[in-house]
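Listed below, chain by chain, are the residues.
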Amino acid sequence: AQRVTQPEKLLSVFKGAPVELKCNYSYSGSPELFWYVQYSRQRLQLLLRHISRESIKGFTADLNKGETSFHLKKPFAQEEDSAMYYCALEDNTDKLIFGTGTRLQVFP
Amino acid sequence: NAGVTQTPKFRILKIGQSMTLQCAQDMNHNYMYWYRQDPGMGLKLIYYSVGAGITDKGEVPNGYNVSRSTTEDFPLRLELAAPSQTSVYFCASEHTGGARNEQFFGPGTRLTVL
């Protein structure tokens, strides 16, 4: 079965601390994975996609096929990073499967 | 560009009532989607459309209907509202061609069925 798991509902850190939001997936084949973010009172939007190998707002995510993971990382969290983060997998019919989301709280 | 717009923002329905959630996009995107998000859950796909005149079921289509008469509009219809349809509904659009592109989301409609 194709599935995305985000084990943490809430992750709280202090400003300047490293952040890692976990995402594990179940998929047979070469996965395409994404991170979407929803800031308070804003729309859900794409943060980054693994195929681009990009760093957005200091966030990076590396696909680890051995561990079937796509964790989102940032070395130094900022208060403005506080948001809901969703990991998503493109399934074999080109539709997105979303995880349940992790709320990141960054305290000053 | 307004992007993806949804109306209404909020609605309370009684059991058995019907309503249409409106979604429009002005980006000339061919793909459009309807999702629902229940508390503590991820987004579940209800219906999607790959272009005008073409719609298909997603993961949770029961109790809903859609139409896509134009590229811009993708309304979602609830015929007999049930408490289980209490949720936040998101519409999204995407321009696909070649490599996968990003989905653009509307602000959502919060629906309560009492």
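In what follows, the accompanying structure is described. (Residues numbered from 1 in each chain as written. Chains lettered and ligands numbered in written order. Predicted model: local features only at pLDDT ≥ 70, side-chain atom pairs only at ≥ 80, totals over all residues. Heavy atoms only, no water.)

What follows is about the packing of aromatic side chains. Per the stated rule, a full pass over the model turns up 11 aromatic pairs over all chains. Ring plane angle 50° and centroid distance 6.1 Å describe the contact between phenylalanine 14 of chain A and phenylalanine 107 of chain A, whose orientation is recorded as tilted. Taken together, the residues span a long stretch of sequence, with phenylalanine 14 of chain A in strand β2 (residues 10-14) and phenylalanine 107 of chain A in strand β11 (residues 102-107) at a distance of 93 residues. By relative accessible area, phenylalanine 14 of chain A is classed as exposed at 56%. A ring pair is formed by tyrosine 31 of chain B and tyrosine 33 of chain B, whose centres lie 6.3 Å apart and whose planes are at 50°; its orientation type is tilted. For tyrosine 33 of chain B, a relative accessible area of 0% translates into the label buried. (Phe/Tyr/Trp six-rings, centres within 6.5 Å; stacked < 30°, edge-to-face > 60°. Helix = DSSP H or I, 4+ residues; strand = E, 2+ residues; numbered from the N terminus. Buried < 20%, exposed > 50% of the residue type's maximum accessible area, 1.4 Å probe, protein only.)

Listed as interface residues are 19 residues of chain B and, on the opposing side, 17 residues of chain A. When chain B packs against chain A, close to 1500 Å² is buried across both sides, 52% of that on carbon and sulfur atoms. Inspection of the chain B/chain A interface yields 1 salt bridge. Close ionic contact of arginine 49 of chain A with glutamate 102 of chain B constitutes a salt bridge, the shortest N to O distance being 4.0 Å. (Contact = heavy atoms within 4.5 Å. Buried area = accessible area lost by both parts, 1.4 Å probe. Salt bridge = Lys/Arg side-chain N within 4 Å of Asp/Glu carboxyl O.)

Turning to the sheet that holds strand β7 (residues 60-61) of chain A, a few remarks are in order. The strands that make up a sheet are held in pairs by hydrogen bonds between backbone atoms, and each pair lies either parallel or antiparallel. Residue and element names in this part refer to chain A. Taken in spatial order, the 3 strands make up an open sheet running β3-β8-β7, and their pairing is antiparallel. Each edge of the open sheet is held by one strand with a lone partner, namely β3 (19-21) and β7. Sheet topology places β3 next to strand β8 (residues 72-74); 3 bridges connect them, and they run antiparallel. Paired with valine 19 across the bridge in β8 is lysine 74. (Pairing = 2+ DSSP bridges.)

Everything listed here is a matter of geometry and, on its own, says nothing about what the molecule does.
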